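# Per-entry structural report
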Amino acid sequence: MIREKYIKRVKELNVNIVQTEVKSVGKKDITKVGYRVYDNGYIGVGGAVGDVDEKQLEKRALDNLNLKIPYPYKPSENLVKEVDYREKTPSDEEFVTEIEELLSILRKEFPEFVFSNKIHLSEFETRLANDVGLNLVHKDRFVMSELIIKEKTSINVIDAFAGYVDRIYNKDKFLQTIRDTLNAYKNPVKLPHEGKMPVVFMDNDILPFTKLIEELDGYKVGTGASLFKDYIGHKKFNDNFTLLQSTQREDLTSFEFFDAEGTVNEDFKYTLIENGKIISPYTDKKTAHQFNLPLTGSASCEYDMVPTLSPRNFKVVPSHKTLKELLDGQMAVVVSIAAGGDFTDEGVFGTPVQLAFLTDGEKLIGRLPELSLSGELYSMFGQDYIGKSKDKPFLDQRFLALNLDVRYL
Amino acid sequence: MFIFPKNLYTDVRIENVCLNQIAYRNGELLQSLNRNQKGAFIRIFDGHRWYYSSTTNMDRIQEEIDKLALMAKENEDILDNPIVKKFEVNKGEYLYFKDKDISNVKYEDKLQLLKSYFPIIENVEDIKMWRAIYIDRKIIKEFYSSKGAELKFDYQTCGIALRYGLNVDGKTFNGKYDKTSTSFDDLKGLEENIKEIIERDIEFVKHAKPIKPGKYTVVFSPTATGVFTHESFGHKSEADFMIGDETMMKEWAIGKKVGADNLSIVDTGDILGSGFVPFDDEGTKSRKTYLIKDGLLSGRLHSIITAESLNEDLTGNARAVNFEYEPIVRMTTTYIEPGEKTKEELISEIKEGILIVDVNHGSGMSTFTIAPSISYMIRDGKIAEPVNISVISGNVMETLYEIDGISKEMEIVTFTLGGCGKMDQFPLPVGMGGPYIRVNNVNVQ
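Residues numbered from 1 in each chain as written. Chains lettered and ligands numbered in written order. Predicted model: local features only at pLDDT ≥ 70, side-chain atom pairs only at ≥ 80, totals over all residues. Heavy atoms only, no water.

### Let's talk about the overall build of chain B
Under the convention used in this document: For helices the rule is a DSSP run of H or I covering at least 4 residues; for strands it is a run of E covering at least 2, with both sets numbered from the N terminus onward. The atom set for the radius of gyration is the C-alpha atoms, and the globule formula is 2.2 Å times the number of residues raised to the power 0.38. Each residue is placed in one exposure class: buried if its accessible area under a 1.4 Å probe, protein chains only, is under 20% of its type's maximum, exposed if it is over 50%, and partly exposed if it falls in between. Residues count as neighbours in contact if any of their non-hydrogen atoms are within 4.5 Å of one another.
Counting its secondary structure elements, chain B contains 10 helices and 23 strands. Relative to the globule expectation of 22 Å for 445 residues, the C-alpha radius of gyration of chain B, 24 Å, shows essentially globular dimensions. Summarising its shape, the C-alpha atoms of chain B cover approximately 70 × 55 × 35 Å along the three principal directions. Of all 445 residues assigned to chain B, the portion counted as buried reaches 62%. The long-range share in chain B, meaning contacts at least 24 apart out of those at least 6 apart in sequence, stands at 73%.

### Quick word on the environment of V12(B)
Residue and element names in this part refer to chain B. As for its placement among the helices and strands, V12 is situated in strand β1 (residues 9–25). For V12, a relative accessible area of 0% corresponds to the buried category. Taking C-alpha positions, V12 is 5.8 Å from F41, a pair spaced 29 residues apart along the chain. Residues contacting V12, with those up to four places away along its chain left out, are F2, F4, F41, I42, I61, I65, E142, F143 and Y144.

### What about the domain arrangement of chain A?
You'll often see interface size given as the accessible area lost when the parts meet. All names here are of chain A. Defined as follows: Either an automatic procedure or a domain database provided the assignment from which the domain bounds are taken. When two parts are brought into contact, each loses some accessible area as probed by a 1.4 Å sphere; the total of that loss over both is the buried area. Think of a salt bridge as a Lys or Arg side-chain nitrogen and an Asp or Glu carboxyl oxygen that are within 4 Å of each other.
Structurally, chain A comprises domain 1 (2–185), domain 2 (195–207 + 319–408) and domain 3 (210–316). Taking only C-alpha atoms, the centre of domain 1 and the centre of domain 2 are 29 Å apart. Counting residues at the interface gives 10 residues for domain 1 and 10 residues for domain 2. Roughly 880 Å² is buried in total at the junction of domain 1 and domain 2, and carbon and sulfur atoms are behind 64% of that figure. Its largest share of buried area at the contact with domain 2, domain 1 owes to F161, A184 and Y185, together 49% of the area lost on that side. At the junction of domain 1 and domain 2, the tally comes to 1 salt bridge.

### Considerations on the interface of chain B and chain A
The test is simple: Any pair of nitrogen or oxygen atoms within 3.5 Å is treated as a polar contact; in protein, a donor-acceptor pairing is required on top of that, and neighbouring residues in sequence qualify only through side-chain atoms on both sides. Under the grouping applied here, Gly and all other residues not named as nonpolar or charged are polar, the nonpolar ones being Ala, Val, Leu, Ile, Met, Phe, Trp, Tyr, Cys and Pro and the charged ones Asp, Glu, Lys and Arg.
The interface is formed by 61 residues belonging to chain B together with 71 residues belonging to chain A. Around 5,600 Å² of area is buried between chain B and chain A when both sides are counted, 51% of it from carbon and sulfur atoms. Scanning the region where chain B abuts chain A turns up 10 salt bridges. Across the pair K150(A) and D245(B) runs a salt bridge whose closest N-O atoms are separated by 2.8 Å. For the pair chain B and chain A, the interface holds 33 residue pairs in polar contact (both at pLDDT 80 or more). The dominant element in the side of chain B that touches chain A, judged by the number of residues it contributes, is strand β2 (residues 28–45) of chain B, at 9 residues. In terms of residue class, the side of chain B that touches chain A is made up of 22 nonpolar, 26 polar and 13 charged.

### Concerning the packing of aromatic side chains
All names here are of chain A. Here is the rule we go by: Two rings from Phe, Tyr or Trp (for Trp, the six-membered ring) form a pair when their centres sit within 6.5 Å of each other. Planes less than 30 degrees apart are called stacked, planes more than 60 degrees apart edge-to-face, and all others tilted.
For the structure shown, the criterion picks out 42 aromatic pairs over all chains. Each ring, one from Y164 and one from F174, has its centre 5.0 Å from the other, and the planes form 45°; the classification is tilted. In this pair, Y164 is assigned in strand β8 (residues 160–166) and F174 in helix α3 (residues 171–185), connecting sequence segments 10 residues apart. F174 sits in the buried class, given a relative accessible area of 1%.

This is the structure we're talking about:
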């Protein structure tokens, strides 16, 4: 019998902002422990939050083992690795003061707007260790926010937002993102024309990828339920489109460098689509074994559950061009808020865009009216794919550019 | 029970959660979870700022209270603070499910019930992958405050969720079936219903064609009505977006006409199901709140802070997704009240339109969206061919006037998996629903 522990600790400071004022300060320090036992091709898992006796946890896992959940795969072994990506951040007290200073600047600089939502200082430590030599530890810390911005004279709940994710707190960078957003917001502009034109999505926006992610599920591909079931090894997309599962330091915000089964990819990445060719769906151990697919390290689970297949940290490889070079003299729509869009089962894409800006690739020029976007999966990442920028021209983001059909809503 | 610090307002919320989940994929056991966890959320208010923390160590609640008190500033007038005055002081035990506790149903019975539905799915050749999930959740909450609140109450739900991937002649489709209740017995005998849904989905995927984009008259099923109501108007009724905002207060003045004359929208925590909330997470008792009554804006959803700020009555809508989070204004069960027409009458009066039967998801800001999963054309007053639609959308405030027909049939729906998301709190169980409604000029893509 092999025993394994999966421990997740989260420490968080939350500064809650209402009407551009700090209204509450909250702290959290929660440890969740999962205990796994593997025996005769089965897995048992027990778990608890907070302080708990290890014998008690083991008993829960052994009881769960009796339910005979199949797991005829070797747990990861003989790998010891610890990363500590934490960087220096302010103390809790200093952080609250920093946020108060930020808000003071915003009140003076943008009196016609109000700002709300939380700013988090979030630290996590995840450990996966077993008695066959596995000991993986990931420590990380982020300052994160999606600041909601509302124009005082507006009847909308949300008019704009400004995001921030970084391992350090840089007030000037956050302010620059807010300034980029609001200076463009205050300048209403029109589309150069309706119809097909370049549209750019922020690097962390998964909306255009939702169908790709759904159909690259290894179990769906293996059972024949995926659109891509006959296309593994086939070139279906643009030469310049390469999609990775990445746990490289610069690509991580909330994931660990290892998955919930302890799989660590070489160079912390696995290529799923390379230059338009579908190389592999994403898999966990069970899916890889059952359908004879490569193991890509895509298992996730809550602390007290059996690891299962789920998408993890997809990244498009950037091109060698700036956004301006990619757009090649054309204007583009920047998608800032697009809630509610989706693909149909056969891959037709449609979404409203509640907040869009116009860009020349170097700066945000102005705010567009509400729009609707439409496209089709194979075209979006095929003939209509333009590329991902190597630079971050504004909003502290790289951008993914596609040609889509753009209309006023 | 606790020693509350002087000259500060304090409350403590303790949650005892029992969660069971059994999941199968293509006939193989994937998960069998029995989670029992206890946690507490502690808040202190000094009249100026709130301080809070969460802990899983029940022995250290007093220590957490004392630590938070050190961050706050003593305020001798705290009991006269209008926010503190607004808190209800409810006491007593309200254990609705004591005699029908879902935790007392044997594991074997839950397992057998779930497995009894497998043959229905396994016998369908076009289903290439499937998952079957049984889930139940029992929560006992306690709430104590320095004003004297001492509450203990419970709620529970159980459900069956089926998810399946169809591949019919090369065309793929993701199908689903959900049944949620507060009683285990309600999950029995679903065979015919499941068969009907699967057969419907196979016919849909065989014949569905892409929609021609444009503006249509759309009939929403109770599920679609529920999602529309929740996303489009429910979130706008959450009063935390209005605090200190003169523009919003003018725009959302009570009594203002906001929709069709026969339109009434309600939120209440009293309906058994995912949105059953007898007391909210500030100890406020649930009540029925009309958000719109006969087309006029009639109310909004409140926490203590928003009710005090807007000088309105409490509604019992301060909810937290779990003990790790602070209560914020959330919906409970939100629905449109039924009307006079039948579903058939609504459809028969349409020359060309769309019937939305089921949905994948929705969203709502100034523009609402719904991503339908099952839709049909309506031609010459009759349901016609199935159509694939990626998203429908419209301006919320304009669309409320575009509702020109409401059916007498209505249904409250609750989703077995998932829930409502707001800020960093997801998924919160909610109920939603209503009648069939007919809406003109909806943008369809």
